[in-house]
Amino acid sequence: WAKAAGGARWALFDADRNRRELARYALSAAIPTALDRGEFYLDYQPLTSLRDGRVLGMEALVRWRHPELGVLRPDSFIGLAEETGLIVRLGGWVLAEACREAEGWSAGHDDPPFVSVNLAVRQVHRPGLVQEVRGVLRQTGLPPDRLQLEITESTMMSTAEEPVRALRVLADQGVRIAIDDFGTGYCNLAYLRDLPVTELKVAGEFVAGLRAPAADPGSRTDERILASLVSLAHALDLTVTAEGVETAEQADRLRAIGCDAGQGWHFGRPAPADRFLAQWA
Ligand code: C2E
Ligand code: MG
Ligand code: MG
Ligand code: MG
């Protein structure tokens, strides 16, 4: 990771960073054992209809109950698991566990929420993705249209054809495909033409701008960007979920703009699924 040009200086002044990197690697190396010991678990966060307040789906967010460090959020281990490739095993566990839990949500309801699972770039580019997803759906009995896969724009940065083909096969079987953090990544809209996307999840940073009242000129710009993304999505027959909705005012403005769904602290912080089961019982 030391850039060639600044290498010497880095070695002198970045001992702290070195220690931090070593700690991250040690953490990553511990993932397989942690999987065996059942230290990972999933919290869920509702994707709520802005029209009628119904919970449409729930996003699975992985957590690590580390014996010494306490509960770790994904930002502290997902990135490294991607670099080392361990994300394939960890992500496989997340997918299977999320589908298993979601199958249980259907008891007694004719329209239970779907489960939305984050896929890392590596998982999407792996040859076995279609078989893996199909296998999990078969084993858990979850109908394909109750699974949504969240991929990021960076997943589609490469021109590889295999991931596009795999996602198309899954979409043909009814699996939903969402673009996560839309508007913050590499934005080559060509993938919207090539991919069987069903939903755009607009990044929370645009929504955060709605917090400030009209006095803040930036808030007007964010509102216009959001409105444009909503019309783009609707023109392509996609639904739009806004992420990071923290206040009732933001939810109101998003509803006025025509946004379909919201996710964020205003609707519920990530928690065990039971917390939200009551909302559609
Ligand atoms: P994401 O997929 O964009 O998930 C949304 C993140 O925003 C979650 O953080 C969630 O707790 C947080 N959030 C939700 N509502 C609000 C809000 O109103 N305000 C603010 N400020 N934040 C809010 P979390 O759980 O720490 O996850 C962070 C990221 O880690 C996720 O971003 C996702 O990229 C990644 N991640 C989580 N679980 C998995 C997984 O199983 N596999 C992979 N590959 N990545 C995962
Ligand atoms: Mg996500
Ligand atoms: Mg997101
Ligand atoms: Mg994010």
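Coordinates for the structure precede this section.
Read on for an overview of the structure. In this text, all values refer to a predicted model and were calculated from it rather than measured experimentally. For every chain, the first residue of the written sequence is number 1, and numbering continues from 1 along that sequence. Each chain gets a letter, beginning with A, and each ligand a number, beginning with 1, in the order they are written. With the structure being a predicted model, the display of local features is reserved for residues of pLDDT at least 70 and the display and counting of side-chain atom pairs for 80 or more, all residues being used for whole-chain, interface and lining totals. Only hydrogens and water are removed before side-chain values are computed, so all heavy atoms of the structure are retained for them.

### Quick notes on the pattern of salt bridges
Moving on, step 1. For this analysis, a salt bridge means a side-chain nitrogen from Lys or Arg found within 4 Å of a carboxyl oxygen belonging to Asp or Glu. With the rule as written, the count across this model stands at 17 salt bridges.
Moving on, step 2. The closest approach of N and O atoms between R63 and D43, which form a salt bridge, is 3.1 Å. Taken together, the residues R63 in strand β2 (residues 55–66) and D43 in strand β1 (residues 40–49) connect sequence positions 20 residues apart.
Moving on, step 3. For D252, the salt bridge is made with R255, and the minimal N-O distance between the two is 2.9 Å. Think of it this way: any DSSP run of H or I at least four residues long counts as a helix, any run of E at least two long counts as a strand, and we number them from the N terminus.

### Examining the coordination of the magnesium ion (ligand 2)
Moving on, step 1. Only E59 (OE), N118 (OD1), E150 (OE) and D180 (OD) from the protein coordinate the magnesium ion (ligand 2), and they sit 2.0 to 2.2 Å from it.
Moving on, step 2. For Na, K and Ca the donor cut-off is 3.2 Å, and for all other metals it is 2.8 Å, counting N, O and S atoms only; because water is absent from this set, sites may look incomplete. Sequence spacing of the donors to the magnesium ion (ligand 2): E-x58-N-x31-E-x29-D.
Moving on, step 3. If you look at the magnesium ion (ligand 2) and the magnesium ion (ligand 3), they sit 3.7 Å from each other and are both ligated by D180. Here E59, found in strand β2, pairs with E150, found in strand β5 (residues 147–152); they are 91 residues apart in sequence, far enough to count as distant.
Moving on, step 4. Exposure is judged per residue with a 1.4 Å probe applied to protein chains only, and the accessible area is read against the type maximum: over 50% gives exposed, under 20% gives buried, and values in between give partly exposed. Overall, the relative accessible area of 4% leaves E59 in the buried class.
Moving on, step 5. Given a relative accessible area of 1%, E150 falls into the buried group.

### Focus on the coordination of the magnesium ion (ligand 3)
Tetrahedral coordination by four donors sets the ideal angle at the metal to 109.5 degrees; octahedral coordination by six donors sets it to 90 or 180 degrees.
Moving on, step 1. With distances of 1.9 to 2.7 Å, the protein atoms coordinating the magnesium ion (ligand 3) are D180 (OD), D181 (OD), E243 (OE) and E243 (OE).
Moving on, step 2. Spacing between the donor residues of the magnesium ion (ligand 3) along the chain follows D-D-x61-E.
Moving on, step 3. The class of D180 is buried, set by a relative accessible area of 7%.
Moving on, step 4. Take D181: its relative accessible area is 32%, and that puts it in the partly exposed class.

### Looking at the packing of aromatic side chains
Moving on, step 1. Pairs were defined over the aromatic rings of Phe, Tyr and Trp, the Trp ring being its six-membered one, requiring ring centres within 6.5 Å. Orientation was assigned from the angle between planes: stacked under 30 degrees, edge-to-face over 60, tilted for the rest. For the coordinates displayed, the defined rule picks out five aromatic pairs.
Moving on, step 2. Measuring from ring centre to ring centre gives 5.1 Å for Y44 and W105, while their planes differ by 85 degrees; the resulting arrangement is edge-to-face. Note that Y44 is positioned in strand β1 and W105 in the loop between α5 (87–103) and β4 (114–118), a separation of 61 residues in sequence.
Moving on, step 3. Ring plane angle 85 degrees and centroid distance 5.5 Å describe the contact between W64 and F77, whose orientation is recorded as edge-to-face. Taken as a pair, W64 in strand β2 and F77 in the loop between β3 (70–72) and α4 (78–84) lie far apart in primary sequence, 13 residues in all. For the pair shown, W64 and F77 are each scored as buried.

### Notes on the packing of α5 against helix α7 (residues 129–140)
Moving on, step 1. At a closest axis distance of 9 Å, the pairing of α5 and α7 adopts a crossing angle of 30 degrees. When the interaxial angle is binned, α5 and α7 end up roughly parallel. Where α5 crosses over α7, the two elements pack in a sense that is right-handed. Taken together, the residues of α7 that come into contact with α5 (itself represented by G92, L95, A96, C99, R100 and E103) are E132, V133, V136, L137 and T140.
Moving on, step 2. Asp, Glu, Lys and Arg are counted as charged, while Ala, Val, Leu, Ile, Met, Phe, Trp, Tyr, Cys and Pro are counted as nonpolar; the rest, among them Gly, fall into the polar class. Of the residues assigned to the contact of α5 with α7, the class counts are six nonpolar, two polar and three charged. Helix axes are fitted only over the stretch in contact, all axes being lines through C-alpha atoms; the angle between N-to-C directions runs from 0 to 180 degrees. Any angle between 65 and 115 degrees counts as roughly perpendicular, while under 35 counts as roughly parallel, over 145 as roughly antiparallel, and the rest as oblique. Left-handed describes a crossing in which the near helix is turned anticlockwise from the far one by less than a right angle; the clockwise case is right-handed. Contacts are residue-level and defined by heavy atoms, with any inter-residue pair within 4.5 Å sufficient.

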